[in-house]
Amino acid sequence: MANKKSQTTDGNDLRSLLRAKANVAMTDLDPGATPGFPGTSKADVADLTAELAPVLSDWQERLYAENKEPDTPQRSILVVLQGLDTSGKGGIIRHVFGLVDPQGLKIHAFKQPTPEELSHDFLWRIRQQLPSPGMIGIFDRSQYEDVLVVRVNELVEPAVWQQRYDLINDFEASLTASGTTIIKCFLNMSPDEQKRRLLERLENPTKYWKFSHGDVEVRGRWDDYMVAYQDVLNRCNTDVAPWYVIPSDRKWYRNWAVATLLLEHLEGMNPQWPQAEFVVEDEIAAVKNSLPQR
Ligand code: AMP
Ligand code: MG
């Protein structure tokens with residue numbers, strides 16, 4: 001089952017296609033692009049997802065099972081989802097991570113810090129939500145908010161946020177050294193698409209709860225956020241924890257791309273089923289003989 005190869009058009013892995021380039025400029029990135037998508041249209045995505053689902057599910061279970069083997073390295077995955085409001089952080093959690101066993105997931109959404117969180121260094125609350133071995137952790141927002149919203153809204157002095165890029169790089173390097181594979185996804189959406197999605201929320205009473213006036217204020221600072229995101233992509237794009245830029249104007253592409261990136265990372269990690277720590281035949285006999293014959 002778990003030998004399915006990634007689905008991209010040209011055999012290139014999606015990791016190389018989506019990896020943020022050095023010195024990237026936001027204006028070079030196309031939110032409507034569909035790099036590597038093997039189908040010809042949205043209509044193909046259902047079949048591709050149907051193919052991916054059992055494969056992802058199998059790999060996730062292997063990762064979890066591998067951790068039960070005492071002699072193997074302790075490994076986990078951390079998916080970091082960053083993007084402006086409506087870019088699809090929640091949608092990815094539902095549509096991509098909904099394909100695997102929820103027991104293997106640790107999902108956390110980072111909100112405005114509580115007074116207690118603010119009394120510690122900015123990575124304190126992040127450390128508490130890291131996935132344990134065998135798990136796939138998902139961050140809906142992350143340590144990067146502390147160089148994004150915090151910078152744009154001037155919540156700390158520039159000297160404070162400026163040193164955080166290096167702190168984040170060190171933190172991520174130590175995480176990867178201790179067995180966590182980090183997959184950082186920037187969900188790149190155009191301002192027009194965001195406008196459409198925000199208006200959609202206001203046209204549908206079942207979506208009112210997702211809307212907040214604050215989203216309009218954040219939208220009003222679009223250019224400042226793009227500068228802040230560009231710095232994140234350029235300063236925290238290390239080889240051990242690279243950024244992937246996910247064109248996100250088309251939801252179906254965005255979801256396929258994140259699912260495929262996850263698949264490629266799992267294939268690269270190649271977790272194996274643990275060996276039995278018992279003699280299988282003996283245990284079969286023991287089960288068969290464990291109740292009086294009926
Ligand atoms: P949402 O993801 O729509 O539920 O909103 C969460 C809000 O929390 C967003 O407006 C974020 O910008 C904000 N937030 C998350 N992390 C931080 C942080 N470290 N400092 C300030 N605001 C934050
Ligand atoms: Mg919101």
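Details of the structure are given in the entry above.
Residues numbered from 1 in each chain as written. Chains lettered and ligands numbered in written order. Predicted model: local features only at pLDDT ≥ 70, side-chain atom pairs only at ≥ 80, totals over all residues. Heavy atoms only, no water.

*Asks:* An account of the packing of aromatic side chains is requested, with residue identities and associated values reported.
*Replies:* The full count for this structure, using the stated rule, is eight aromatic pairs. Between Phe 37 and Trp 252, the ring centres sit 5.0 Å apart and the planes meet at 65 degrees, which makes this aromatic pair edge-to-face. Taken together, the residues span a long stretch of sequence, with Phe 37 in the loop between helix H1 (14-18) and helix H2 (45-66) and Trp 252 in helix H12 (residues 251-269) at a distance of 215 residues. Accessibility assignment for this pair places Phe 37 and Trp 252 in one class, buried. Taken together, Phe 37, Trp 252, Tyr 253 and Trp 256 form an aromatic cluster joined through their ring pairs. When the ring centre of Trp 59 is taken as origin, the NZ or CZ atom of Arg 62, which lies over that ring, is 5.2 Å away. (Phe/Tyr/Trp six-rings, centres within 6.5 Å; stacked < 30°, edge-to-face > 60°. Helix = DSSP H or I, 4+ residues; strand = E, 2+ residues; numbered from the N terminus. Buried < 20%, exposed > 50% of the residue type's maximum accessible area, 1.4 Å probe, protein only. Lys NZ or Arg CZ within 6 Å of the ring centre and 35° of its normal.)

*Asks:* With reference to specific residues and values, describe the environment of Asp 30.
*Replies:* Within the element layout of this structure, Asp 30 appears in the loop between H1 and H2. Here Asp 30 falls in the partly exposed class, since its relative accessible area comes to 47%. Separated by 216 residues in the primary sequence, Asp 30 and Ile 246 place their C-alpha atoms 9.4 Å from one another. Discounting chain neighbours no more than four positions away, the residues touching Asp 30 are Asn 188 and Pro 247. (Contact = heavy atoms within 4.5 Å.)

*Asks:* Pulling in residues and values, what's your account of a nonpolar patch on the surface?
*Replies:* On the surface, Phe 278, Val 280 and Ile 284 cluster together into a nonpolar patch covering about 270 Å² of accessible area. When you line up the elements, Val 280 lands in helix H13 (residues 280-288). On the basis of relative accessibility, which here comes to 37%, the residue Val 280 falls in the partly exposed class. (Patch = residues over 30% accessible without salt bridge, like charges linked within 9 Å, V, L, I, M, F, W, Y side chains within 5 Å. Areas by Shrake-Rupley, 256 points an atom, 1.4 Å probe, with all protein chains shown as cover. Salt bridge = Lys/Arg side-chain N within 4 Å of Asp/Glu carboxyl O.)

*Asks:* I'd love a proper account of the pattern of salt bridges, names of residues and values included.
*Replies:* Evaluated as defined, the whole model comprises 17 salt bridges. Where Arg 164 meets Asp 146, a salt bridge forms, and the shortest distance between an N and an O atom there is 3.5 Å. On the criterion of sequence distance, the pair formed by Arg 164 in helix H8 (residues 164-177) and Asp 146 in the loop between strand S3 (136-140) and helix H6 (149-152) is long-range, its members being 18 residues apart. Residue classification places Asp 146 among the buried positions, given a relative accessible area of 10%. One salt bridge connects Arg 221 with Asp 224, and the closest N-O pair in it is separated by 2.8 Å. Residues joined by salt bridges that share partners form a network here, namely Glu 193, Arg 196, Arg 197, Glu 200 and Lys 207.

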